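Here is how the chains run, residue by residue.
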Amino acid sequence: MILWKNLRKIFMLVLGIFIVCLSFTTRAAIVTSIKPIGFIAASIADGITLVKILLPEGASVHNYALRPSDIKHLQEADLVVWIGPEMESFMKKPLEKLPTQNTIEISQLPGVQSLLLLDQSHKESRYIDQLPNIENHIQFKNHEYHHYHNKYNMHLWMSPEIAIQIAMAIHSKLLGCMPENQDQLNANLQYFKASILTMNKTINQQLAPLKGSNYFVFHDAYTYFEKYYSLVPTGYFTINPEIQPGAQHLHYIQMQLLSKKIQCVFTEPQFQPIVVKAISRGTNVHFGILDPLGTEISISKDSYVKFLVKLSTQYRSCLQED
Ligand SMILES: [Zn+2]
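In this text the structure is predicted, and so the values were computed from the model without any measurement.

Rules behind the numbers
- Residues numbered from 1 in each chain as written.
- Predicted model: local features only at pLDDT ≥ 70, side-chain atom pairs only at ≥ 80, totals over all residues.
- Heavy atoms only, no water.
- Pairing = 2+ DSSP bridges.
- Helix = DSSP H or I, 4+ residues; strand = E, 2+ residues; numbered from the N terminus.
- Axes fitted to C-alpha atoms, helices over the stretch in contact; angles between N-to-C directions.
- Contact = heavy atoms within 4.5 Å.
- Donors = N, O, S within 2.8 Å, 3.2 Å for Na, K, Ca; no water.
- Buried < 20%, exposed > 50% of the residue type's maximum accessible area, 1.4 Å probe, protein only.
- Core = buried A, V, L, I, M, F, W, Y, C linked by side-chain atoms within 4.5 Å.
- Domains from an automatic or database assignment.
- Disulfide = S-S within 2.5 Å.

A.B. asks: Give a description of the sheet that holds strand S7 (residues 264-267) that names residues and reports values.
C.D. replies: Pairing is parallel in the open sheet, where 4 strands are placed in the order S6-S5-S7-S8. On the outer flanks of this sheet lie strand S6 (235-238) and strand S8 (286-289), each paired with one strand and no other. On average, adjacent strands in this sheet sit at an angle of 25 degrees to one another, irrespective of strand direction. Across 4 bridges, the pairing between S7 and S8 is parallel. Bridged to Phe-266 within S8 is Gly-288. On top of the sheet, helix H11 (residues 247-258) reaches strand S5 (215-219), S6 and S7; it is set at about 140 degrees to S6, its chief contact. Against the sheet, helix H13 (residues 303-319) makes contact with S5, S7 and S8, and its axis sits at roughly 145 degrees relative to S7, the strand it touches most.

Right, here's the structure in full:
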């Protein structure tokens, strides 16, 4: 009986893969939510199939709402790669209708789970310790719990280690569906891994002199990148960019800026941070831009590496100013 059940399970699985794979032969279609995940997918699918990215330039993954055309892309996708409902809550419902074989939920990959880092609110960071009073602390924690429903930081595309895990998952999914492209897929994965190694050397050289720098970032998006390359921000304006920072938190940042120890305040292309300019007035602090979504980088097999190198250059160009 057990043997029969197992055989049946295997048969259904094989049938499922067969059905999923049929569509791959007729049209392109790996769909991703944000550009950096699309960069990784494009590297693995280079020369094999096309990648469609849902979020347009300048949109934030934190407050995006799907357009009817996006829903159509998701419905027609052969493979959807996303982080999970804690980050792209707007994709949860449409993806419930897709077979799970057609999706990769990055936060659930076994190789990724061991690499997850806690959200800032769930650890005793120097930032939380320095919040001026308990009321502000509670206000921040409530916002995060309400919005993220998860104790881990979900900006997973910022980690080169996790990027390799994502690449391997896409490789394995495509290989299952298109064994005839095995050589190309293997070569693409190897190329991706090798280019990450080369990139690490470049970025380590760029960032090594910046260790110990004092700076504020706009939101809590860079933890994986910073930990990987040994940078530690003094703090951030907001954990969730949809929510304006409270008055007391802004006062705390302003005091830090007036102390003249802070070298740089980083904003982002996706937000208009009037509040950042307002509290920085009269402090002589430098301004830089960090782009967590790879704006203006075109899709190619090298785009993920270009994205991280550009980020590194953005840190350097502000923190190296006198
Ligand atoms: Zn974010």
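A.B. asks: Quick rundown of the coordination of the zinc ion? Include the residues and the values.
C.D. replies: With distances of 1.8 to 2.0 Å, the protein atoms coordinating the zinc ion are His-62 (NE2), His-155 (NE2) and His-219 (NE2). Its relative accessible area of 3% is what places His-155 among the buried residues.

A.B. asks: Report on the nonpolar core, specifying residues and quantitative values.
C.D. replies: In this structure, Ile-106, Trp-157, Ile-170 and Tyr-315 are the most contacted members of the largest nonpolar core, which totals 77 residues. The residue makeup of this core includes at least three contributed by each of domain 1 (2-114 + 156-200) and domain 2 (121-153 + 206-319). Counting residues in each nonpolar core, the second largest holds 14 residues, with Phe-216, Val-265, Phe-271 and Val-276 among its members.

A.B. asks: Mind laying out the state of the cysteines, listing which residues take part and the relevant values?
C.D. replies: All chains considered together, the criterion is met by 1 disulfide. Here Cys-264 engages in a disulfide with Cys-318; their sulfurs sit 1.9 Å apart. Since a negative S-S torsion denotes a left-handed disulfide, the Cys-264-Cys-318 link at about 100 degrees is right-handed. Of this pair, Cys-264 sits in strand S7 while Cys-318 sits in helix H13; the two residues are 54 residues apart in sequence, bridging distant segments of the chain.

A.B. asks: Help me get a handle on unusual backbone geometry, residues and values and all.
C.D. replies: One non-glycine residue, Lys-260, lies in positive phi territory at about 65 degrees. If you trace the backbone, Lys-260 turns up in the loop between H11 and S7. One non-glycine residue, Asn-284, adopts positive backbone phi at about 65 degrees. When you line up the elements, Asn-284 lands in the loop between helix H12 (274-280) and S8.

A.B. asks: Report on the sheet that holds strand S4 (residues 103-105), specifying residues and quantitative values.
C.D. replies: The strand order across the open sheet formed by 4 strands is S2-S1-S3-S4, and the pairing between neighbours is parallel. In this open sheet, the two strands that pair with only one neighbour each are strand S2 (51-53) and S4. When strand polarity is set aside, the average angle formed by the axes of neighbouring strands in this sheet is 20 degrees. Bridge count between strand S1 (residues 30-32) and S2: 3 bridges; the pairing is parallel. Each residue of the ladder has a partner; that of Ile-30, found in S2, is Val-51.

That's the geometry; what it means functionally is another story.
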